[in-house]
Amino acid sequence: MKIKLGFVICIFLLLSCNGAKKIIDKPLIFDAERKALTIDYLSERYGLEQDTPTIVPKMVVLHWTVIPTFEESFETFNPATLPARPDIKNASALNVSSQFMVDRDGTIYRLLPETTMARHVIGLNHCAIGIENVGGTEDLPLTEAQLSSNIWLADYLAKKYDIEYLIGHYEYTLFEKHPLWLEKDEGYRTEKTDPGEDFMIKVRKATSHLKFKSIPTKPSAQ
């Protein structure tokens, strides 16, 4: 019987992800300014009044940086304040970031503590751990090594926290009517495609044993 190539790839990824991987801590600047901006973000965007910029993780969100190298991606996230991005700067001066970044060779970097809020997904930052992947352009598509590391991280985080959902950034607006959605501004949205549907299909197949909840679907037009 001829075995389908996709099945073989899936089995390979499952086996490769069972091996031990190393998380390298490379912290972003998290000074008093970034802490204050993060606490303000939780208050102003979500109505959450907190003394600390902490989250209770319920979701993992996968991204791509569309930046060719880890070094450039890290330097983009490192400042406390947003250097550009007029599409989101009016919402907050807090810079974008994520808890993790995966380099093109699969190396996993932890940029922030897993329960510290990072600004990476509208409406859901208060409960979401972000995984950024270096690249994602037509010339630099995400790699098999990154896929393996994302699968491993999803498993690692699901064993450590009560993670209910695993989503791609492009799926975030499906949660607009969900109890986890807290964004107060109905006009604050951006259009996303990361990390690509094919990438998410492969990650979901390899993490099906984790029994994440199905993501919401938009109601059909009347």
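Residues numbered from 1 in each chain as written. Predicted model: local features only at pLDDT ≥ 70, side-chain atom pairs only at ≥ 80, totals over all residues. Heavy atoms only, no water.

Novice: Pulling in residues and values, what's your account of the overall build of the chain?
Specialist: Across its full length, the chain holds 6 helices and 6 strands. Starting at the N terminus and walking to the C terminus, you meet the elements of the chain as α-β-α-β-α-α-β-β-β-α-β-α. At a minimum sequence separation of 6, the contacts of the chain that also span at least 24 residues come to 75%. In the structure as shown, the chain presents an accessible area of about 11,400 Å², 56% of it carried by carbon and sulfur atoms. (Helix = DSSP H or I, 4+ residues; strand = E, 2+ residues; numbered from the N terminus. Contact = heavy atoms within 4.5 Å. Areas by Shrake-Rupley, 256 points an atom, 1.4 Å probe, with all protein chains shown as cover.)

Novice: Please give an account of the layout of surface pockets that cites residues and values.
Specialist: Within this model, the largest pocket holds a volume of roughly 390 Å³. Considered class by class, the residues forming the lining of the largest pocket number 10 nonpolar, 8 polar and 5 charged. Approximately 180 Å³ is the volume found for the second largest pocket. Every residue lining the second largest pocket is counted, 13 residues in all, and those nearest its centre are Pro141, Leu142, Pro195, Asp198 and Phe199. Of all the secondary structure elements, the ones that give two or more residues to the lining of the second largest pocket are helix H5 (144-160) and helix H6 (197-206). If you tally residues by element for the lining of the second largest pocket, the top one is H6, at 3 residues. Among the residues forming the lining of the second largest pocket, the class breakdown is 6 nonpolar, 4 polar and 3 charged. (1 Å grid on protein atoms, 1.4 Å probe; cavity = no way out; pocket = protein on both sides within 12 Å on 5 of 7 lines; lining within 4 Å. Points joined across faces, edges and corners; volume = space filled by probe spheres on them. Nonpolar A, V, L, I, M, F, W, Y, C, P; charged D, E, K, R; others polar.)

Novice: Talk me through the pattern of salt bridges; I want residue IDs and the actual numbers.
Specialist: Side chains that differ in charge, positive against negative, can pair when their charged atoms come close. A complete count under the given rule lists 12 salt bridges for this structure. Across the pair glutamate 164 and lysine 213 runs a salt bridge, and its minimum N-O distance is 3.5 Å. With a gap of 49 residues between them, glutamate 164 in the loop between H5 and strand S6 (165-168) and lysine 213 in the segment after H6 connect regions that are remote in the sequence. Taking the relative accessible area as the measure of exposure, glutamate 164 reaches 18% and is therefore buried. Among the ionic pairs, glutamate 171 bridges to arginine 204, the shortest N-O distance being 2.9 Å. You can see glutamate 171 sitting in the loop between S6 and H6 and its partner arginine 204 sitting in helix H6, a full 33 residues away along the chain. In this structure glutamate 171 comes out as buried when scored by relative accessible area, which is 7%. What you see here is one network of salt bridges that share partners, running through Asp25, Arg110, Glu114 and Lys160. (Salt bridge = Lys/Arg side-chain N within 4 Å of Asp/Glu carboxyl O. Buried < 20%, exposed > 50% of the residue type's maximum accessible area, 1.4 Å probe, protein only.)

Novice: Please set out the nonpolar core residue by residue, giving values where relevant.
Specialist: Among the nonpolar cores identified, the biggest contains 60 residues, and Met59, Leu62, Phe100, Leu124, Ile131, Leu153 and Leu166 are the most heavily contacted of them. Sort the elements by how many residues they give to this core and H5 lands first, with 6 residues. Sequence-distant contacts of leucine 166, defined by excluding residues within four places in its chain, comprise Val60, Leu62, Ala154, Met200, Val203, Arg204, Thr207, Phe212 and Ile215. (Core = buried A, V, L, I, M, F, W, Y, C linked by side-chain atoms within 4.5 Å.)

Novice: How would you summarise the environment of alanine 36 if you had to cite specific residues and measurements?
Specialist: Tracing the sequence through the fold places alanine 36 in helix H2 (residues 32-46). Through-space distance from the C-alpha of alanine 36 to that of aspartate 51 is 9.3 Å; in sequence the pair is 15 residues apart.

Novice: Explain the sheet that holds strand S4 (residues 108-110) to me, using residue names and the numbers behind them.
Specialist: The pairing of strands in a sheet happens through backbone hydrogen bonds and is either parallel or antiparallel. The strand order across the open sheet formed by 6 strands is S1-S4-S3-S5-S2-S6, and the pairing between neighbours is mixed. The open sheet is flanked by strand S1 (23-25) and S6, the only strands paired with a single partner. Strand-to-strand, the axes of this sheet are offset by a mean angle of 25 degrees, without reference to chain direction. In this structure, strand S3 (residues 100-102) lies alongside strand S5 (residues 128-133), joined through 3 bridges in parallel fashion. Looking at S5, one finds that valine 102 is bridged to asparagine 133. Lying over the sheet, helix H3 (residues 70-77) contacts S3, S4 and S5, oriented at roughly 160 degrees with respect to S3. Those strands touched by H6 are strand S2 (59-62), S5 and S6, and its axis lies near 160 degrees from that of S6. (Pairing = 2+ DSSP bridges. Axes fitted to C-alpha atoms, helices over the stretch in contact; angles between N-to-C directions.)

Novice: For the packing of H5 against H6, give the residues involved together with the corresponding values.
Specialist: Between H5 and H6, the least distance of the axes is 10 Å, while the angle of their chain directions is 45 degrees. Classified by the angle their axes make, H5 and H6 are oblique. In the packing of H5 onto H6, the handedness of the crossing is right-handed. Listed contacts from H6 to Glu144, Gln146, Leu147, Asn150 and Ile151 of H5 are Phe199, Lys202, Val203 and Ala206. Of the residues in the contact of H5 with H6, the class split is 5 nonpolar, 2 polar and 2 charged. (Parallel < 35°, antiparallel > 145°, perpendicular 65-115°, else oblique. Left-handed = near helix turned anticlockwise from the far one by under 90°.)

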